[in-house]
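Chain by chain, the residues run as shown.
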Amino acid sequence: MTRPRAITSAVELFGVRTPTLPPATTTNSWALGRRDLVLVEPSTPFDDERAAWLAWARGLSASGRRVRAILLTHHHPDHAGAAGPFARALEVPLLLHRETRARVRDLDGVEVRTLDEGDALPVDDGGWTALHTPGHAPGHLCAWSEDSRTLVAGDMVANGSTIVVPPDDGGDMTDYLAQLRRLAALAPTLLLPAHGAPIDAPLEVLAHYVAHREKREQKIADAHAQRTRELGRTPTRAEVLPLAYDDTPMHLWPFALMSLEAHLRKLEREGRV
Ligand SMILES: [Zn+2]
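Source: prediction; values computed, not measured. (Residues numbered from 1 in each chain as written. Predicted model: local features only at pLDDT ≥ 70, side-chain atom pairs only at ≥ 80, totals over all residues. Heavy atoms only, no water.)

Draft legend 1. Summary view of the pairing of strand β4 (residues 36-40). With five of five residues buried, β4 lies mostly within the body of the structure. Pairing between strand β3 (residues 26-32) and β4: three bridges, direction antiparallel. Paired with Leu-32 across the two strands is Val-38, which belongs to β4. Here five bridges tie β4 to strand β5 (residues 66-71), and the two strands are oriented parallel to one another. When the sheet's bridge partners are listed, Leu-39 is paired in β5 with Ile-70. Crossover β4 to β5 through helix α1 (residues 47-62) is right-handed. (Buried < 20%, exposed > 50% of the residue type's maximum accessible area, 1.4 Å probe, protein only. Helix = DSSP H or I, 4+ residues; strand = E, 2+ residues; numbered from the N terminus. Pairing = 2+ DSSP bridges. Right-handed = clockwise from strand over helix to strand, strands pointing away.)

Shown next as structure tokens:
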């Protein structure tokens, strides 16, 4: 990968290797702003990649810009893997949601500032605000520039891999779908995912994600009903999975089981199963 890479005049990309969900192997960090910068996703746990990331961050300062803060979109290890070490090394505050603060360790000596919906990011070109977008993770934040209609999407969507909604780690399918629709309603023209290349047709991708989830949800509801008829009782998750995910390779079923659980909790709340 070529790094760093200028995406726009106010966004630079630096991807690092992380232990993330295959087929993705990297997490994207973004430098937002022109002079006063916020760096998004202090992600990597690997020493060589941490050194490369810090060299990048320090190089930004050497070129007359100033790193003002590090922003963490959510608590998953392939995003938060170096939150404490990077904030300490650069001596800048760490910006995150309070639900993320509760889930990230190793922040001794770090100035932590919690952000919530609508809070401004400390960048000079203005307009970058935090959006609270729970669903994939309870404290998930996106960064939004109204002026450039650019959205830093974290793990709300990915380019080339799937987003898992883990119900036992604060994931919530109802919230996730509502937030996807809300992001689409903002009408972004550039979407910057944590995994994969920038997306220049955000509305298509967001619509695809919503449609994909709705289709899967109907398939799960149908599979649940069919198994209930066949067994004469409420089926277990494992009894629904093969039918609901018959189009998914078996090696992905552990992830599918998480999504199945998330969808079934939503369907149960709605009285649909
Ligand atoms: Zn995640």
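Draft legend 2. Broad picture of the side chain of Arg-213. Mapped onto the elements of the fold, Arg-213 is located in helix α6 (residues 202-231). Among buried Asp, Glu, Lys and Arg side chains, Arg-213 stands out as unpaired, with Glu-217 the closest opposite charge at 8.2 Å. Here the side chain of Arg-213 touches Ile-163 through a polar contact of 2.5 Å, landing on its backbone oxygen. In this view, Arg-213 contacts Ile-163, Val-165, Met-173, Tyr-176, Leu-177, Ser-259 and His-263; residues no more than four positions away in its chain are not counted. (Lys, Arg positive; Asp, Glu negative; His and termini not counted. Salt bridge = Lys/Arg side-chain N within 4 Å of Asp/Glu carboxyl O. Polar contact = N/O pair within 3.5 Å; in protein donor to acceptor, adjacent residues only side chain to side chain. Contact = heavy atoms within 4.5 Å.)

Draft legend 3. Here's a closer look at the pairing of strand β2 (residues 11-17). For β2, the tally of buried residues reaches six of seven residues, placing the bulk of the element in the interior. In terms of strand pairing, strand β1 (residues 5-8) meets β2 through three bridges, oriented antiparallel. Following the sheet pairing, Arg-5 is matched in β2 by Leu-13. As paired elements, β2 and β3 share seven bridges and run antiparallel to each other. If you follow Val-16 over to β3, its bridge partner there is Thr-27.

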